[in-house]
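Coordinate inspection notes
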Amino acid sequence: MPGRHHWQHRFRENVSRWTLPREIILDLLSRSSRHMSAKEIYGALYALYPGLGLTTVYRTLELLHRLGFVQKVTSGDGPGRYELRGEGEKDHHHHLICTKCGRIIDYRDFVQEELDLIKKTEETLAKKHNFLIQDHNIEFLGLCEKCR
Ligand SMILES: [Zn+2]
Ligand SMILES: [Zn+2]
Ligand SMILES: [Zn+2]
């Protein structure tokens, strides 16, 4: 894909142009307890930074996602939602996603069986595909309390 190379090149050339969106988006996400879509992020920042475009928000989020700063939650056919990725294991959580209203529930109170199963699954997959697993992203789709 020629896009990626081109993008990296541009990024290097225009560091300052891209650093501001990065910083304000990371700052917003660090103050938010919600999982926000690109449009919501744009809506929250637009008044303060009128020069910011929606396209820039999308691109910046994808970049931050690739760099590992934010986690992306894809809620069914709704828009992708983003949240700040915490440091290390402490903030690690899984998601319950309501496919009707889009509500996203974080859970960290894992049962031991779940942790064991994930560990075993990762070990098996790593061996089978000779794949170095560095992380996982677990989402359960369904209906929340209000929508069911
Ligand atoms: Zn996990
Ligand atoms: Zn719901
Ligand atoms: Zn989350």
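Parameters at a glance
Residues numbered from 1 in each chain as written. Chains lettered and ligands numbered in written order. Predicted model: local features only at pLDDT ≥ 70, side-chain atom pairs only at ≥ 80, totals over all residues. Buried ≥ 20, exposed ≤ 12 C-beta atoms within 10 Å, placed from the backbone. Helix = DSSP H or I, 4+ residues; strand = E, 2+ residues; numbered from the N terminus. Arc of directions from axis to C-beta. Axes fitted to C-alpha atoms, helices over the stretch in contact; angles between N-to-C directions. Parallel < 35°, antiparallel > 145°, perpendicular 65-115°, else oblique. Left-handed = near helix turned anticlockwise from the far one by under 90°. Contact = placed C-beta atoms within 7 Å. Pairing = 2+ DSSP bridges. Core = buried A, V, L, I, M, F, W, Y, C linked by C-beta atoms within 7 Å. pLDDT = per-residue confidence, 0-100.

Note on helix geometry: an α-helix contains 3.6 residues per turn, so any two residues three or four positions apart are oriented the same way. What helix 3 (residues 38-45) keeps buried is the set Ala38, Ile41 and Tyr42. For helix 3, the angular spread of buried residues about the axis comes to 100 degrees, placing them on one side.

Two elements in contact, helix 3 and helix 4 (residues 54-67), have axes whose closest approach is 9 Å; the angle formed by their N-to-C orientations is 125 degrees. Accordingly, the angle class assigned to the pair helix 3 and helix 4 is oblique. Handedness of the helix 3/helix 4 crossing: right-handed. Facing helix 3, whose interface residues are Ala38, Ile41 and Tyr42, helix 4 presents Leu54, Val57, Tyr58 and Leu61.

A few words on unusual backbone geometry. Its identity as a non-glycine residue notwithstanding, asparagine 130 has a phi of 50 degrees, on the positive side. Taking the C-beta count within 10 Å as the criterion, asparagine 130 has 7 such neighbours and is therefore assigned exposed.

Here we take up the sheet that holds strand 1 (residues 36-37). A sheet is described by the order of its strands in space; here three strands give the open sequence 1-3-2, paired in antiparallel fashion. On the outer flanks of this sheet lie strand 1 and strand 2 (70-74), each paired with one strand and no other.

As a further point, take the sheet that holds strand 6 (residues 139-142). Note on sheets: strands pair through backbone hydrogen bonds, and any given pair is parallel or antiparallel. Ordered in space as 5-4-6, the three strands form an open sheet in which the pairing is mixed. Each edge of the open sheet carries a strand with a single partner, namely strand 5 (104-107) and strand 6. Mean inter-strand twist for the sheet, computed between neighbouring axes without regard to direction, equals 20 degrees. Direction of pairing for strand 4 (residues 94-98) relative to strand 5: antiparallel, over a ladder of four bridges. Its bridge partner lying in strand 5, histidine 95 is registered against aspartate 106.

Looking at the element boundaries, glutamine 134 is found in the loop between helix 5 (112-129) and strand 6. Here the alpha-carbon distance between glutamine 134 and glutamate 122, two residues twelve residues apart in the chain, equals 9.5 Å.

Turning to the nonpolar core, a few remarks are in order. Residues Ile25, Leu29, Met36, Ala38, Ile41, Tyr42, Val57, Leu61, Leu64, Val70 and Tyr82 constitute the largest nonpolar core, which totals eleven residues. Residue assignment for this core shows that the elements contributing at least two residues are helix 2 (15-31), helix 3 and helix 4.

Here the focus is the confidence of the model for the protein chain. Chain-level statistics for the protein chain give a pLDDT mean of 85 and a share of 86% at 70 or above. Helix 1 (residues 2-13) is the least confidently modelled element of the protein chain, averaging 48 in pLDDT, while helix 5 averages 96, the highest of any element.

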